[in-house]
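Fold and contact review
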Amino acid sequence: MSERMVRVPVPGGELAVAVHDPEGPPTGTVLLVHGITASHRAWDFVLPELADMRLVAPDLRGRGQSRNVGEGAGFSAHADDLVAVLDALGVERALVVGHSMGAFVAVVLAHRHPARVARLLLVDGGLPLDVPLGGDPDAVMAGVLGPTAARLSMRFASVEDYLGFWRQHPAFPPPWPAGLAQYFVADLVDDGAGMLRPATRYETAAADTADMIAGTALPSALAALQHPTRLITVGRGLQNEPPGLYARDYLEGVLVQHSSIRHDRIDEPNHYTVVMSPQGARLVAEAVRAELSAD
């Protein structure tokens, strides 16, 4: 599998997109949409499991190498950006896989541009969270993301200092799998004053959170959902705590309103390691293959 980075013009700048092409004819095309403070590198563990496919993994605006893309945020803006990516690559239709916030974006993408989406695979996201509607985005981010949100405003003197932050994070107990440290290091950028900072812009993440708790794009998209959709939830959250983002009783109530969504519960991985670990990556890859074969 080969990787190339392409730049796609979108309102406010250019989106950075990692394109992974197989050695032979692709068995399918998959659009991979990362979470709220991540980048395309969040899929590093999944990529080798799907080496026979064409995999398109953008950095969403405000994240990674797209961190300086301005002029708006929110799920509709991200969805329109993703269509620009598909257009630039000549992709007519794709299986869309979204993790965490990427799952919310995937649902809105399917609503705004239905002809471009074959099926949806939502990984621990995409349905409303059990948070106060209309609440303060900063408070919601702090409550849901915990130290992951706080780090966006932090500065680090060295790469080792930043890795030290993650070594204390309960979601990533030792021993770390090969490649995890490289993912963390790739997230760092120069803050312009001799220090290092995470690439994700806090302001963009907060705007996306506000859209999740008070916007209309997601409720409208879920109400009109017509694409085959599979949801995978996990039993541990962003700090490795049970019951995870979606408690069983709460999620059962939400799924009653969206009975067409097929749901699988996986107890062991946490919200991060469901994609950022070899075990989680295999589970996600199996689901991707099952969805492609059903299309």
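Data block above holds the structure.
These numbers come from a predicted model, not from an experiment.

We now examine the environment of Ala 106. By the element assignment, Ala 106 lies in helix H2 (residues 101–112). Taking the C-alpha atoms as reference, Ala 106 lies 8.6 Å from Phe 75; in sequence the two are 31 residues apart. If near-sequence neighbours (up to four positions away) are discounted, Ala 106 is found in contact with Val 96, Leu 120 and Leu 122.

Each strand in a sheet pairs with another by means of backbone hydrogen bonds, the pair being arranged parallel or else antiparallel. Ordered in space as E1-E2-E4-E3-E5-E6-E9-E10, the eight strands form an open sheet in which the pairing is mixed. Among the strands making up the open sheet, the edge pair consists of strand E1 (2–10) and strand E10 (262–270). Ignoring which end each strand starts from, the neighbouring axes of this sheet average 20° apart. In this sheet, strand E9 (residues 229–236) lies alongside strand E6 (residues 117–123) in parallel orientation, the contact comprising four bridges. Opposite Val 123, over in E9, you have Ile 232 as the bridge partner. Across the face of the sheet, helix H1 (residues 75–89) comes into contact with E1, strand E2 (13–21), strand E3 (29–33) and strand E4 (54–58) while running at roughly 120° to E1.

Attention shifts here to the pairing of E9. Judged by how many residues are buried, E9 sits mostly within the fold: seven of eight residues are covered. Inspection of the sheet shows E9 paired to E10 by six bridges, in the parallel sense. Note that in E10 the partner of Leu 231 across the bridge is His 263. Once you follow E9 into helix H9 (residues 248–256) and on to E10, the crossover reads as right-handed.

Now for the packing of aromatic side chains. Within the structure shown, the criterion is met by 13 aromatic pairs. Residues Tyr 162 and Phe 165 carry aromatic rings whose centres are separated by 6.5 Å and whose planes lie at 5° to one another, so their mutual orientation is stacked. With Tyr 162 and Phe 165 both in helix H5 (residues 159–167), this residue pair falls three residues apart, about one helical turn. Phe 165 shares its class with Tyr 162; the two are buried. Both rings, one in Tyr 162 and one in Trp 166, keep their centres 6.4 Å apart while their planes meet at 90°; by these two values the pair is edge-to-face. In this pair, Tyr 162 and Trp 166 are both assigned in helix H5, four residues apart and thus about one turn of the helix distant. Ring-pair connections join several aromatic residues into one group, and the members of that group are Phe 156, Tyr 162, Phe 165, Trp 166, Phe 172, Trp 176, Tyr 183, Phe 184 and Tyr 272.

Calculation criteria
Residues numbered from 1 in each chain as written. Predicted model: local features only at pLDDT ≥ 70, side-chain atom pairs only at ≥ 80, totals over all residues. Heavy atoms only, no water. Helix = DSSP H or I, 4+ residues; strand = E, 2+ residues; numbered from the N terminus. Contact = heavy atoms within 4.5 Å. Pairing = 2+ DSSP bridges. Axes fitted to C-alpha atoms, helices over the stretch in contact; angles between N-to-C directions. Buried < 20%, exposed > 50% of the residue type's maximum accessible area, 1.4 Å probe, protein only. Right-handed = clockwise from strand over helix to strand, strands pointing away. Phe/Tyr/Trp six-rings, centres within 6.5 Å; stacked < 30°, edge-to-face > 60°.

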